[in-house]
Amino acid sequence: MTNQMTHADMQRAIEELEVKVAYQEHTIDSLNDEVTRQNKHIEQLSFQLRQVVEKLKGMEPSHIAKQSEEAPPPHY
């Protein structure tokens, strides 16, 4: 058995590597698109959360006493 590759063997090996690289590039592009989509969604959710927090901060305080501040019922 020889350790030297023929020209045809080298050509096949190069083609296999080119195919693998093409698949990897496609996968990287797909993953990048997904990360970009998720980032936009996170930004949208963060904006909505900030709006909710600001709305809650602006609400009137409740006139109902907290349970710890309530006097015990008369039968105690």
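Residues numbered from 1 in each chain as written. Predicted model: local features only at pLDDT ≥ 70, side-chain atom pairs only at ≥ 80, totals over all residues. Heavy atoms only, no water.

**Some details on the overall build of the chain**
Move 1: Counting its secondary structure elements, the chain contains one helix and zero strands.
Move 2: Scaling as 2.2 N^0.38, a compact globule of 76 residues should have a C-alpha radius of gyration of about 11 Å, whereas the chain reaches 32 Å, well beyond that.
Move 3: Taken along its principal axes, the extent of the C-alpha atoms in the chain is 100 × 30 × 10 Å.
Move 4: Taken across its 76 residues, the chain has 0% of its residues classed as buried.
Move 5: Carbon and sulfur atoms provide 58% of the accessible area of the chain, an area that totals close to 8000 Å².
Move 6: Measuring between centres, the 8 positive side-chain charges of the chain sit 7 Å from its 13 negative side-chain charges. (Helix = DSSP H or I, 4+ residues; strand = E, 2+ residues; numbered from the N terminus. Rg over C-alpha atoms; globule rule 2.2 N^0.38 Å. Buried < 20%, exposed > 50% of the residue type's maximum accessible area, 1.4 Å probe, protein only. Areas by Shrake-Rupley, 256 points an atom, 1.4 Å probe, with all protein chains shown as cover. Lys, Arg positive; Asp, Glu negative; His and termini not counted. Charge placed at Lys NZ, Arg CZ, Asp CG, Glu CD.)

**Details of the pattern of salt bridges**
Move 1: The final tally for this structure, using the stated rule, is three salt bridges.
Move 2: As a salt-bridge pair, Asp9 and Arg12 come within 2.3 Å of each other at their nearest N and O atoms. Here Asp9 and its partner Arg12 are both found in helix 1 (residues 7–57), three residues apart, which amounts to about one turn of the helix.
Move 3: Here Glu34 makes a salt bridge to Arg37, at a shortest N to O gap of 2.5 Å. Placement of both Glu34 and Arg37 in helix 1 is noted, with a separation of three residues, approximately one turn of the helix.
Move 4: Overall, the relative accessible area of 30% leaves Glu34 in the partly exposed class. (Salt bridge = Lys/Arg side-chain N within 4 Å of Asp/Glu carboxyl O.)

**Considerations on the environment of Gln51**
Move 1: Mapped onto the elements of the fold, Gln51 is located in helix 1.
Move 2: Assessed through its relative accessible area of 44%, Gln51 is described here as partly exposed.
Move 3: For the pair formed by Gln51 and Lys66, sequence separation is 15 residues and the distance between their alpha carbons is 26 Å.

**What about the environment of Asp29?**
Move 1: Note that Asp29 resides in helix 1.
Move 2: Along the sequence, Asp29 and Met59 sit 30 residues apart, while their C-alpha atoms lie 45 Å from each other.

**With respect to the environment of His63**
Move 1: Relative to the helices and strands, His63 is located in the segment after helix 1.
Move 2: Residues His63 and Asn39, 24 residues apart in the sequence, show an inter-C-alpha distance of 41 Å.

**Re a nonpolar patch on the surface**
Move 1: A surface patch of nonpolar side chains, amounting to about 300 Å² of accessible area, comprises Val52, Leu56 and Met59.
Move 2: Counting through the fold element by element, Met59 comes out in the segment after helix 1.
Move 3: Here Met59 falls in the exposed class, since its relative accessible area comes to 51%. (Patch = residues over 30% accessible without salt bridge, like charges linked within 9 Å, V, L, I, M, F, W, Y side chains within 5 Å.)

On their own, these measurements won't tell you what the molecule is for.
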